[in-house]
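# Observations on chain architecture
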Amino acid sequence: DNAVSFGAGFDNTVSTISRDSSGRLTVGGSFTSYQDKSGPGLDYLTRLDDSSGAFSGDFNISTGADGAVNGIVIDSSGRTLLGGAFATVNGLAQNRIARLAIDGAVDATFSPGSGTDGEIKSITIDNNSNAFLTQNVGKLVIGGAFNNYNGTARGRIARLNADGKLDTGFDIGTGADNTVNHVAVDSEGRVYVAG
């Protein structure tokens, strides 16, 4: 009864979908067309209205990403955080991680420096409700195939402050010995990894 038709769908893999508070779907993956349409706003990243499957007219990304988008999460302010295999978003250098404003523009206040030296596979936000762990609320956890974040050794998992800078208080030594495909944070602030 509430089914949505996405028509011909995407021309390649969809790796991640996130729904915002307005019901729009931000979709990332390895695609370059949707419903047999291609062009700006369809390179690896787009936003759809979840009630119709049509393009959301308020997401004005110019050139999109230049490589796969593997993880998307939307923060409490409605900004979209991306992780993947891209080097640019909207023509701007964003080495495998970026934050977009609500309208799709790259958020210049997010400062990941040189980003990661390998692909990001998963990204999440710590929204734990534990009153004793509120210092981590809003921080990001990323996992993937990287060994460094902005020049600092981090074995395939890292926690970032909300501004994109590395949280140096979260250091798990050598990290994982192979790719981290998924990260999650529970209500107690514990970080889970799978890979």
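My aim in this report is to walk through the structure given alongside it, one point at a time. On a predicted model such as this, the values are computed, not experimentally measured, just so you know.

A separate point is the pairing of strand β10 (residues 97-100). The side-chain alternation of β10 yields two buried faces, one formed by I97 and R99 and the other by A98 and L100. Bridging between strand β7 (residues 80-84) and β10 involves four bridges; their strand directions are antiparallel. Paired with L81 across the bridge in β10 is R99.

Within the secondary structure layout, T80 lies in strand β7. Taking the relative accessible area as the measure of exposure, T80 reaches 0% and is therefore buried. For T80, the residues in contact, after removing those within four places along its chain, are T26, R47, I72, V73, I74, A98, R99 and L100.

A word on the environment of G144. Of note, G144 is situated in strand β12 (residues 140-144). Along the primary structure G144 and G84 are separated by 60 residues, whereas in three dimensions their C-alpha atoms are 8.6 Å apart. Leave out the neighbours within four places in its chain, and G144 touches E119, I120, K121, R156, T179 and V180.

Time to look at the pattern of salt bridges. One pass over the structure, following the stated rule, counts ten salt bridges. For E119, the salt bridge goes to K121, with nearest N and O atoms at 3.9 Å. The class of E119 is partly exposed, set by a relative accessible area of 25%. Shared partners join several salt bridges into a network, and the residues in it are D75, R79, R99 and D107.

Counted by the stated rule, this structure contains two aromatic pairs. Taking the centre distance of 4.3 Å and the plane angle of 45° together, the rings of F10 and F31 count as tilted. Here the residue F10 occupies a position in the segment before β1 (14-19), and F31 occupies one in the loop between β2 (24-29) and β3 (33-34), the gap between them amounting to 21 residues. With a relative accessible area of 22%, F10 lands in the partly exposed category. Relative accessible area serves as the criterion here: at 0%, F31 is assigned to the buried category. For the ring pair F10 and Y34, a centre distance of 4.5 Å and an interplane angle of 40° mean the geometry is tilted. Of the two residues, F10 is situated in the segment before β1 and Y34 in strand β3; the sequence distance between them amounts to 24 residues. Note on Y34: relative accessible area 0%, which makes it buried.

Below, the discussion takes up the sheet that holds β2. Read from one edge of the open sheet, three strands run β1-β2-β5, paired in antiparallel fashion. At either margin of the open sheet sits one strand with a lone partner, and together these are β1 and β5 (45-49). Direction aside, the axes of adjacent strands within the sheet are offset by 25° on average. Pairing between β2 and β5: five bridges, direction antiparallel.

For S30, the position within the fold is in the loop between β2 and β3. In this structure the C-alpha to C-alpha distance between S30 and V193, which are 163 residues apart in sequence, comes to 23 Å.

Turning next to unusual backbone geometry. Backbone geometry places N150, a non-glycine residue, at a positive phi of 45°. We classify N150 as partly exposed; its relative accessible area is 40%. Its identity as a non-glycine residue notwithstanding, R156 has a phi of 75°, on the positive side. Classification of R156 as buried rests on a relative accessible area of 19%.

Another point: the nonpolar core. If you look at the biggest cluster of nonpolar residues, it comprises 14 residues, and the most contacted ones within it are L81, I97, I142 and L160. Elements with a contribution of two residues or more to this core: β11 (120-125), β12 and β15 (157-160). In terms of residue count, the dominant contributor to this core is β11 (three residues). Of all hydrophobic cores here, the second largest spans twelve residues; its members include L45, F59, I72 and V106.

Conventions and cut-offs
- Residues numbered from 1 in each chain as written.
- Predicted model: local features only at pLDDT ≥ 70, side-chain atom pairs only at ≥ 80, totals over all residues.
- Heavy atoms only, no water.
- Buried < 20%, exposed > 50% of the residue type's maximum accessible area, 1.4 Å probe, protein only.
- Helix = DSSP H or I, 4+ residues; strand = E, 2+ residues; numbered from the N terminus.
- Pairing = 2+ DSSP bridges.
- Contact = heavy atoms within 4.5 Å.
- Salt bridge = Lys/Arg side-chain N within 4 Å of Asp/Glu carboxyl O.
- Phe/Tyr/Trp six-rings, centres within 6.5 Å; stacked < 30°, edge-to-face > 60°.
- Axes fitted to C-alpha atoms, helices over the stretch in contact; angles between N-to-C directions.
- Core = buried A, V, L, I, M, F, W, Y, C linked by side-chain atoms within 4.5 Å.

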